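Here is what each chain is made of, one letter per residue.
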Amino acid sequence: MARKLLLEKANVPGIRGYEVYRREGGYASVEKALKNMTPDQVTDEVKKSGLRGRGGAGFPTGMKWSFLAKPEGVPRYLVCNADESEPGTFKDRYLMEFLPHLLIEGLIVSSYALGSKATYIYIRGEYAWIPDILEQAIAEARAAGFLGKNILGTGFDCEIYVHRGAGAYICGEETALLESLEGKRGNPRIKPPFPAVRGAWDCPTVVNNVETLAAVVPIMNIGGEEYAKIGVGKSTGTKLISACGNINKPGVYEIDMTISVEEFIYSDEYCGGIANGKRLKACIPGGSSVPILPANLLLKTVKGEKRMMNYESLSDGGFPKGSMMGSGGFIVLDEDQCVVKHTLTLARFYRHESCGQCSPCREGTGWMEKILKNIDTGKGKKSDIDLLWDIQRKIEGNTICPLGDAAAWPVAAAIRHFRDEFEWHVDNPQECLVRNYGLAHYADPLEIATPA
Amino acid sequence: MVQFSDEKLKKVNEIVGRYPEGKQKSALLPVLHLAQEEFGGWLSVETMDYVATLLKLEPIEVYEVATFYSMYNLKPVGRYMFEVCQTGPCMLRGSDDIIDYIKKKLGIGVGETTPDGLFTLKTVECLGACGYAPMMQLGKHFREHLTPEKVDQIIEECRRTAAANN
Ligand SMILES: Cc1cc2nc3c(=O)[nH]c(=O)nc-3n(C[C@H](O)[C@H](O)[C@H](O)COP(=O)(O)O)c2cc1C
Ligand code: SF4
Ligand code: FES
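Residues numbered from 1 in each chain as written. Chains lettered and ligands numbered in written order. Predicted model: local features only at pLDDT ≥ 70, side-chain atom pairs only at ≥ 80, totals over all residues. Heavy atoms only, no water.

Undergrad: How should I be thinking about the domain arrangement of chain A in this particular structure?
TA: Residues and elements named next belong to chain A. Domain annotation of chain A identifies domain 1 (18-223), domain 2 (238-337 + 444-449) and domain 3 (339-435). Each partner contributes residues to the interface: domain 2 has 16 residues there, and domain 3 has 13 residues. For the pair domain 2 and domain 3, the two sides together bury roughly 1,200 Å², of which 69% comes from carbon and sulfur. Together, Ser-289, Ile-292 and Phe-319 form the three largest contributors to the area buried by domain 2 at its contact with domain 3, with a combined 39%. Inspection of the domain 2/domain 3 interface yields 5 residue pairs in polar contact (both at pLDDT 80 or more). Going through the elements one at a time, strand 10 (280-284), strand 11 (293-294), helix 14 (318-321) and strand 12 (329-334) are the ones with two or more residues in the side of domain 2 that touches domain 3. In terms of residues, the side of domain 2 that touches domain 3 owes the most to one element, strand 10, which gives 3 residues. Of the residues contributing to the side of domain 2 that touches domain 3, the split by class is 12 nonpolar, 3 polar and 1 charged. (Domains from an automatic or database assignment. Contact = heavy atoms within 4.5 Å. Buried area = accessible area lost by both parts, 1.4 Å probe. Polar contact = N/O pair within 3.5 Å; in protein donor to acceptor, adjacent residues only side chain to side chain. Helix = DSSP H or I, 4+ residues; strand = E, 2+ residues; numbered from the N terminus. Nonpolar A, V, L, I, M, F, W, Y, C, P; charged D, E, K, R; others polar.)

Next up, the structure:
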């Protein structure tokens, strides 16, 4: 059994309530930080832990915190990103639903480190029942003296507020999120200035993911150095993976980043293998934006090494031969799934979610959806595949925010690895309506290039 | 006339109080949610103008926000809205079949409302329940691991609640 730092207590009856949570050692990190440490010492501890942002980009959290501008007399804000809308990702929901106090505890310590007296949780609007759970936890924490004025007699004041979004994936992007928090359309801002300098209401702001902020609790409890010993290389600590698609046991798992992808998919502790006794065709290991990989490239890197569930190994091979840890949304496709169709649903998603500010993203996502729809329904031409490739290349890198890239990458990777499946659709316009291309050669062992 | 009750107005004040002094525009999204709940499940121009007055905003500031976010309904909807997710992970677990089943069962297409005004069918993009697919949002909650039998039960349940409340 892997070591659990976040979900260890998830199954303790009553852990959602303050009493049980506290009895199980909850809020010890607040006592430790506020009573015995300076804000900078807390930040140092987070730096030592090697914690990387769990929202998708994997940016070192301690470093991000140290960039926060601290001009005299200007408030600073911490905003918790609970927008969680990347297809395949549902881990933050799990944390908030079942361990709300863990997030609140992490928020208090982090707010202390950053000097945020008003901290906001921006939660996607569709998680409509979760604000009640969070607000209950906030009220309990306040009643116990962990929130409000002069917390634990230390002179530190802090309030936490829940802000509900209203249905827009783009509001997960940190500057769109801040616009939305300010009551505007979720149009990403041009950076710089970065939120660390001018964020919410033009004040210095840190935006962090739910899981990132929850991880601050075990970091404080066991110490940054101890936390950094778990995992491997720059993938320290534990990571929540939300697994879905054609597996036996979809769900949220906490892993330490030393297990292999193969073990994660096939062991009973995690996904429990492919559903209905089928074979693995492909997988998108880090949420819909990251490249899809065929089974052979997923389980082994081009160097022939076992691929591991960590930041470095998942991206081994770069975009042509690897993928990314992303948000930890692990989507598995079995042998009967159609990659063209799946890619079409993602293209539709990005078209739907584009905020429309940049032409390459606004127009390109629409074109990609249309062309993919044609190919999927047997109305495509061979030249469409090249056209798709061309469009995605013209979106990538030419937009205000990374949603453009996020829309381009899944299409690029699908064509790169599954071009024959796209061609088969074009060549068999009737047959592709009634059956799938199948597993083809995607599970064949990798050809290992021998060095010259 | 659109008008919040005193109790709801108190709620509005409490929401405004969460944000820094003078930044009451920040309360717009939560207050629009509240207005939609209170005034028939959608936002009419009258409702939006009312919210603008409450928060001391120009009406256009409210319209541009209401039209941006997918959860605000700008047209009347059925009493029960089935919002079925159709994105990749749900598709892999059969969401297309569920959508077809609901269409047949209710005799409506996507975006339509049954003549009795009870049900609206909508397809939506990933709701963060991919591991419990296929799924839909129904009001405040998610209904997960959908099967045709489960859909039947949900429809029955809605009809019963509607009858009981009439
Ligand atoms: C289109 C888009 C959507 C995003 N959605 C989310 C999200 O739902 N949750 C999240 O934590 N980060 C999301 N991010 C990343 C945030 O911009 C930001 O990097 C993150 O919240 C930082 O937190 P972290 O450093 O703790 O990961 C998204 C980014 C983009 C470009
Ligand atoms: S890349 Fe797309 S989502 Fe991002 S700002 Fe441009 S149009 Fe909006
Ligand atoms: S894809 Fe349907 S909930 Fe995520």
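There's plenty left to go through after this.
Undergrad: What should I look at first to understand the side chain of Ser-289 of chain A in this one?
TA: Residues and elements named next belong to chain A. On the secondary structure map, Ser-289 appears in the loop between strand 10 and strand 11. Judged by its relative accessible area of 8%, Ser-289 is buried. Excluding its chain neighbours within four sequence positions, the residues that come into contact with Ser-289 are Glu-86, Tyr-169, Tyr-350, Ala-406, Trp-409 and Pro-410. (Buried < 20%, exposed > 50% of the residue type's maximum accessible area, 1.4 Å probe, protein only.)

Undergrad: Explanation requested: the side chain of Asn-208 of chain A in the structure shown.
TA: Mapped onto the secondary structure, Asn-208 of chain A falls in strand 5 (residues 205-209). Only 2.8 Å separates the side chain of Asn-208 of chain A from the side chain of Trp-65 of chain A, close enough to count as a polar contact.

Undergrad: So what exactly am I meant to see when it comes to the packing of helix 5 (residues 91-98) of chain A against helix 7 (residues 130-143) of chain A here?
TA: Packed helices, taken two at a time, are described by the angle between their axes plus the distance between the axes. Residues and elements named next belong to chain A. Running from amino to carboxyl end, helix 5 crosses helix 7 at an angle of 45°, the nearest separation of the two axes being 9 Å. In terms of axis orientation, helix 5 runs oblique to helix 7. The chirality of how helix 5 crosses helix 7 is left-handed. Where helix 5 approaches helix 7, its residues Arg-93, Met-96 and Glu-97 are matched on the opposing element by Ile-130, Ile-133 and Leu-134. (Axes fitted to C-alpha atoms, helices over the stretch in contact; angles between N-to-C directions. Parallel < 35°, antiparallel > 145°, perpendicular 65-115°, else oblique. Left-handed = near helix turned anticlockwise from the far one by under 90°.)

Undergrad: Honestly, the site of ligand 1 in this entry has me stumped. Any pointers?
TA: Residues and elements named next belong to chain A. If you check the shell around ligand 1, you find 18 residues, and the closest are Gly-55, Asn-81, Asn-208, Asn-209 and Thr-212. Within the side chain of Lys-64, a nitrogen or oxygen atom sits 3.1 Å from an oxygen atom of ligand 1. At 2.9 Å from an oxygen atom of ligand 1 is found a side-chain nitrogen or oxygen belonging to Asn-81. Contact with the protein chains removes 89% of the 610 Å² of surface that ligand 1 exposes when unbound. Among the elements that take part in the shell around ligand 1, strand 5 stands out by supplying 3 residues, more than any other. (Near = heavy atom within 4 Å. Areas by Shrake-Rupley, 256 points an atom, 1.4 Å probe, with all protein chains shown as cover.)

Undergrad: What should I look at first to understand the sheet that holds strand 1 (residues 80-85) of chain B in this one?
TA: Whether parallel or antiparallel, the strands of a sheet pair through hydrogen bonds between backbone atoms. Residues and elements named next belong to chain B. In space, the 4 strands of this open sheet follow the order 2-1-3-4, with mixed pairing throughout. The two strands at the open ends of the sheet, each matched to only one other strand, are strand 2 (119-124) and strand 4 (141-143). Averaged over all pairs of adjacent strands, the angle between their axes in this sheet comes to 30°, without regard to strand direction. With 3 bridges joining them, strand 3 (residues 136-138) and strand 4 adopt antiparallel strand pairing. (Pairing = 2+ DSSP bridges.)

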